[in-house]
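One letter stands for each residue in the lines below.
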Amino acid sequence: MDLQQIKQRFGIIGNSFGLNRAIDVAVQVAPTDLSVLITGESGTGKEVFPQIIHQSSARKHGSYIAVNCGAIPEGTIDSELFGHEKGAFTGALSDRKGYFEEANGGTIFLDEIGELPLNTQVRLLRVLEAGEFIKVGSSKVLKTDVRVVAATNVNMEKAIKEGKFREDLYYRLNSVPITIPPLRERSDDIYLLFRKFANDFATRYRMPAIRLSEDAKELLVRYRWPGNIRQLKNITEQISVIEQEREINGEAMSKYLPYHSGDNLPAIIDSSSKKEADFSNEREILYKVLFDMKKDMNDLKKLVLDMMENGNVSSHGEHAQIIQKLYQSEDGDFVSANNSMKPMPYSNTVSDEGNDSIQDTEEFVEESLSLADKEIELIKKALDKYNGRRKQAAVELGISERTLYRKIKEYQIER
């Protein structure tokens, strides 16, 4: 059969390159017994390609079984796939053949293979490598001759990195990969599919087929179709049943096209790459406040120093006490505004009995950068401000009273 005959037989609509390429690969691999992994978004029609492979192979007279791995509970999936012996578990009243035993000589289609539990993946790997399996509750090794075709809409490379899927099983299944393009990459096929669905529903519900105006066609083609062909079919059915007018314009069409965030974006932004500060506890918040306060203080010191050097501020007279306090460390010594070892001179003239000017000796001590020391200093200042009342002090510091009590105990601050 040529390409058009295959499309007619299996009801495939469209002429896009990606679709034709997928069909061509399916036909070429069909005569072999290689495992095939079909990937594509949900709703793209992946379930048709295992049928093409089976019907175009030497196994077409054998059984074809389709299994949705995501729809079977984890506790029973081994029994469903490989069978079980009587008494293997509660409720196992008799022996049961699994899908691999039933499909012997034929083809089994494992849809949503990415949802398969890890324990079951080990069993499946043995089937693919040796054609052997063991029923649940049995020790007897059974043989099977089955062609395995799998499909998934999961990013398998990501699933492997996260430990959700076995890498060896992935490469064993992926002997021949087939990728189904999403509907948004088949823009020329969208209107063809719409007409096909509209005619089908017109026949089913015995009503005239709906038609689209030019603006409605443009809206239909420009839409991203996150649900792909399945979504297009559902919307076509809704319009066919609900709308009284058979001529659908753009305004009417827009009512049936739900908005999805990111529809108009050219790329997906990975939010995991954002590096934002995450303050997980009050200590980190307090540290940030301390750093901000220290930066503001250094900026203020630098500003006053610049003003003094330019002669705008005198270090004597009414400004003497303010400048002294600004540049004085906890030990009573003077430090520079930029925390370096460059001295910030301050003169304190004292007249003795002989009216001689005596200038104090300067000592230069580098300012402490210890966060713990700053934390203790702030706590003491807050307690002094409120005469030891911890509740008001905690509010001033921006922490809870319980945290303040813990820090007082931790730093052994006496009050």
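Per chain, residues are indexed from 1 in the order of the written sequence. Given that the model is predicted, a residue must reach a pLDDT of at least 70 before its local features are reported, and side-chain atom pairs must reach 80 or more before they are shown or counted; all residues, however, enter totals for whole chains, interfaces and linings. Working from all heavy atoms in the structure, the side-chain values ignore hydrogens and water.

A separate point is the sheet that holds strand S3 (residues 107-111). Neighbouring strands of a sheet are bound in pairs by backbone hydrogen bonds; such pairs are parallel or else antiparallel. What makes two strands pair is DSSP finding at least two bridges between them. Secondary structure elements follow DSSP: runs of H or I no shorter than four residues count as helices, runs of E no shorter than two count as strands, and numbering proceeds from the N terminus. If you walk across this open sheet you meet the five strands as S2-S3-S6-S1-S7, and the pairing is parallel. Two strands bound the open sheet, and with one partner strand each, they are strand S2 (64-68) and strand S7 (176-179). Ignoring which end each strand starts from, the neighbouring axes of this sheet average 20 degrees apart. Bridging between S3 and strand S6 (residues 147-152) involves four bridges; their strand directions are parallel. Across the sheet, Phe109 pairs through a bridge with Val149, a residue of S6. Packed onto the sheet, helix H2 (residues 17-29) meets strand S1 (36-39), S6 and S7 and runs at close to 155 degrees relative to S7. Convention adopted: a line fitted to C-alpha atoms gives each axis, helices being fitted over their contacting stretch, and angles between N-to-C directions are expressed from 0 to 180 degrees. What makes two residues a contact is simply this: any of their non-hydrogen atoms within 4.5 Å.

Confidence scores labelled pLDDT are given residue by residue by the predictor and lie between 0 and 100. Confidence in the prediction for the protein chain averages 83 pLDDT; 79% of positions are at 70 or higher. The model gives residues 264-280 a pLDDT under 50, and that stretch makes six contacts with residues more than four places away or in other chains. With pLDDT under 50 throughout, residues 346-365 is counted as low confidence; its partners more than four residues away or in other chains account for 27 contacts.

Among the nonpolar cores identified, the biggest contains 30 residues, and Phe100, Leu110, Ile113 and Phe165 are the most heavily contacted of them. Sorting the residues of this core by element identifies S2, helix H4 (77-82), S3, helix H6 (118-130), S6, helix H7 (156-161) and helix H8 (167-173) as the ones contributing at least two each. Here the element with the most residues in this core is H6; it accounts for four residues. Phe100 has contacts with Leu81, Phe82, Ile108, Leu110, Leu124, Val127, Thr144, Val146 and Val148, leaving out every residue within four places of it along the chain. Buried Ala, Val, Leu, Ile, Met, Phe, Trp, Tyr and Cys residues that are joined via side-chain atoms within 4.5 Å together make up what is termed a nonpolar core. Exposure categories follow from relative accessible area, calculated using a 1.4 Å probe and restricted to protein chains: below 20% of the type maximum is buried, above 50% is exposed, and the middle band is partly exposed.

It is worth spelling out the packing of helix H9 (residues 187-205) against helix H11 (residues 228-242) at this point. The contact between H9 and H11 brings their axes to 9 Å, and the two run at 45 degrees. When the axis of H9 is compared with that of H11, the two are oblique. Read as a crossing pair, H9 and H11 show a hand that is right-handed. In this structure, H9 uses Ile190, Leu193, Phe194, Phe197, Ala198, Phe201, Arg204 and Tyr205 to contact H11, whose residues at the interface are Ile229, Leu232, Lys233, Thr236, Glu237, Ser240 and Val241. In terms of residue class, the contact of H9 with H11 is made up of 10 nonpolar, two polar and three charged. Our angle categories are set so that under 35 degrees counts as roughly parallel, over 145 as roughly antiparallel, 65 to 115 as roughly perpendicular, and the remainder as oblique. Should the near helix be turned counterclockwise from the far one by less than a right angle, the crossing is left-handed, whereas a clockwise turn marks it as right-handed. When residue character is reported, Ala, Val, Leu, Ile, Met, Phe, Trp, Tyr, Cys and Pro are called nonpolar, Asp, Glu, Lys and Arg charged, and the others, Gly included, polar.

Once that is clear, we can look at the environment of Asp78. One can find Asp78 in helix H4. Exposure remark for Asp78: the relative accessible area of 16% places this residue in the buried category. Residues Asp78 and Lys135, 57 residues apart in the sequence, show an inter-C-alpha distance of 8.2 Å. When neighbours within four sequence positions are excluded, Asp78 is seen to be in contact with Gly83, Thr120, Arg123 and Val136. Counting of polar contacts relies on pairs of N or O atoms within 3.5 Å, with two restrictions inside protein: one atom must be capable of donating a hydrogen and the other of accepting it, and residues adjacent in sequence are counted only when both atoms are side-chain atoms. In terms of polar contacts, Asp78 uses its side chain to reach the side chain of Thr120, at 2.6 Å.

On to the side chain of Ser79, then. Relative to the elements of secondary structure, Ser79 occurs in helix H4. Engagement of the side chain of Ser79 in a polar contact is seen with the side chain of His84, the distance being 2.6 Å. The residues touching Ser79, leaving out its near neighbours within four places in the chain, are His84, Phe89, Arg96, Gly98 and Val136.

With that out of the way, let us pick up the pattern of salt bridges. Note that side chains of opposite charge can pair when their charged atoms are close. Salt bridge, as used here: a side-chain nitrogen of Lys or Arg that lies within 4 Å of a carboxyl oxygen of Asp or Glu. In total, this model carries 22 salt bridges according to the counting rule given. A salt bridge links Lys196 to Asp200, with the nearest nitrogen and oxygen atoms 2.5 Å apart. A residue pair is termed a helical-turn pair when its members lie 3 or 4 positions apart in one helix, as Lys196 and Asp200 do in helix H9 at four residues. Look at Asp200 and you get partly exposed, because its relative accessible area is 33%. Here Arg222 ties to Glu218 by a salt bridge, and the two come within 3.8 Å at their closest N and O atoms. Here Glu218 and Arg222 lie together in helix H10 (residues 214-222), a separation of four residues that amounts to about one turn. Assessed through its relative accessible area of 63%, Arg222 is described here as exposed. Salt bridges linked by common partners bring Asp33, Arg59 and Asp145 together as one network.

With that settled, the discussion passes to the pairing of S7. Residues Val176 and Ile178 point to one face of S7 and are all buried, whereas Pro177 and Thr179, pointing to the other face, are not buried. Relative to S7, S1 runs parallel, the two being bridged by four bridges. Across the sheet, residue Val36 finds its bridge partner in S7, namely Val176.

Between helix H15 (residues 371-385) and helix H17 (residues 401-411), the shortest axis-to-axis distance is 11 Å and the interhelical angle comes to 120 degrees. Taken together, the axes of H15 and H17 lie oblique to each other. For the pair H15 and H17, the sense of crossing is left-handed. Of the residues in H17, those in contact with Ala372, Glu375, Ile376, Ile379 and Leu383 of H15 are Leu404, Lys407, Ile408 and Tyr411. Classifying every residue of the contact of H15 with H17 gives seven nonpolar, no polar and two charged.

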